[in-house]
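Letter by letter, the chains look like this.
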Amino acid sequence: MSTLNASFILEITKRDFAERFAGSVLGSLWAIIWPIVNLFIYIVIFGKIMGARLPGTSEMNAYGIYLAAGLIPWTAFASTVSRSASAFIEKKHIITKVNTSLPSLLLHICLSETITYLISMTVFILILLVQGHDFHRGMILLPFLYYLQQLFAIALGLFAAVLNVFIRDVREITGVTLQLWFWFTPIVYVAEILPGVVQRFIAFNPMYILVQSYQRIFVFNDYPPFHALVLLTLLTHVMLFFSFLLFRVLEKDIRDFL
Amino acid sequence: MMEIIFLLGWTGLFLMGLIFIWRKLLSRIRPYLMLVLSLVFLTGLFYLYELWVAGL
């Protein structure tokens, strides 16, 4: 059994980030341009030009802020899960040559997505500052919400990555599930427009708890739903425990199979 | 201000626990202990913070 190696994780994270923009003239600047363009679409196109309004608020940009507050964490979560699902297969050239800890391959994806998330969040907060947005004190909970969200993503990603070694369809299933999950999470719409039965069903959606936390802090100037977050923390750690247990049981087979 | 002190203190305790587990304990049980520590950290943080907010 190999142990986690911090310098190895940092090295493959750096390489991952460099490979993403390899050959382009602007290089890593694209990592900043993309979030700016996306936020421009959410806030200016949806909020101002299309005039989309959020029910119950009078603020002009409320819908744009609502969209950005949900999409930034969702993108980090979905990218971590989908990229993790094929991590062992895509990095098999490393796994078969270097005696590395397999979970570190997932940690580098999480770290790489964290950099993108931090850039997007910084640009988002700067735009809100320029607009004179009234920030809620719950903002200081953002790092902890992100930590919980990424733990949840790693729990699912590790489970999918282990299964994907033996059943290659798992990668496609993960993509389809994430697509459906996105539309079952109130990110581009508000939960109140849904029928009562669906609203009760959506209350059990773990990602809704997280996205709702961000939306409450940024849009509704409120604290996140703490009780639901405690339950989600329990669920996340139980899932992470079972994913890790499954990985430990199958670790030798994974290495042989690759 | 007190909120920030609470969050920094709680996170500091968590990080000290993580460093202790990483340096002093066997690698076989390390991930499980880290998982337990992380669970206590986050549930404690959200639970205590809610009590704090309710008390304001």
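Remember, it's a predicted structure, so these values are computed and weren't measured experimentally. (Residues numbered from 1 in each chain as written. Chains lettered and ligands numbered in written order. Predicted model: local features only at pLDDT ≥ 70, side-chain atom pairs only at ≥ 80, totals over all residues. Heavy atoms only, no water.)

A. The arrangement of the nonpolar core in detail. Counting 69 residues, the largest nonpolar core has A:Trp74, A:Phe77, A:Phe124, A:Tyr214, A:Phe218 and B:Phe46 as its most contacted members. At 14 residues, the largest contribution of residues to this core is made by helix α3 (residues 62-85) of chain A. Setting aside residues up to four positions removed in sequence, A:Tyr214 forms contacts with A:Ala69, A:Pro73, A:Tyr117, A:Met121, A:Leu142, A:Leu145, A:Tyr146 and A:Gln149. In terms of nonpolar packing, the next biggest core, distinct from the first, is built from 19 residues, A:Ala87, A:Phe88, A:Phe244 and A:Phe247 among them. (Core = buried A, V, L, I, M, F, W, Y, C linked by side-chain atoms within 4.5 Å. Buried < 20%, exposed > 50% of the residue type's maximum accessible area, 1.4 Å probe, protein only. Helix = DSSP H or I, 4+ residues; strand = E, 2+ residues; numbered from the N terminus. Contact = heavy atoms within 4.5 Å.)

B. View of the layout of surface pockets. Residues and elements named next belong to chain A. Roughly 330 Å³ of volume is contained in the second largest pocket. As for the second largest pocket, its lining consists of 19 residues, of which Pro35, Asn38, Thr75, Thr116 and Ser120 are closest to the centre. Counting only elements with at least two residues in the lining of the second largest pocket, the list comes to α1 (6-20), α2 (30-49), α3 and α6 (103-130). Looking at the lining of the second largest pocket element by element, the count peaks at 7 residues for α2. Of the residues in the lining of the second largest pocket, the class split is 12 nonpolar, 5 polar and 2 charged. (1 Å grid on protein atoms, 1.4 Å probe; cavity = no way out; pocket = protein on both sides within 12 Å on 5 of 7 lines; lining within 4 Å. Points joined across faces, edges and corners; volume = space filled by probe spheres on them. Nonpolar A, V, L, I, M, F, W, Y, C, P; charged D, E, K, R; others polar.)

C. Fine view of unusual backbone geometry. Phi at A:Asn221 takes a positive value of approximately 45 degrees, unusual for a residue other than glycine. For A:Asn221, a relative accessible area of 33% puts it in the partly exposed group.

D. How the structure looks around the confidence of the model for chain A. Chain-level statistics for chain A give a pLDDT mean of 87 and a share of 97% at 70 or above. The spread of mean pLDDT over the elements of chain A runs between α1(A), the lowest at 79, and helix α7 (residues 142-166) of chain A, the highest at 96. (pLDDT = per-residue confidence, 0-100.)

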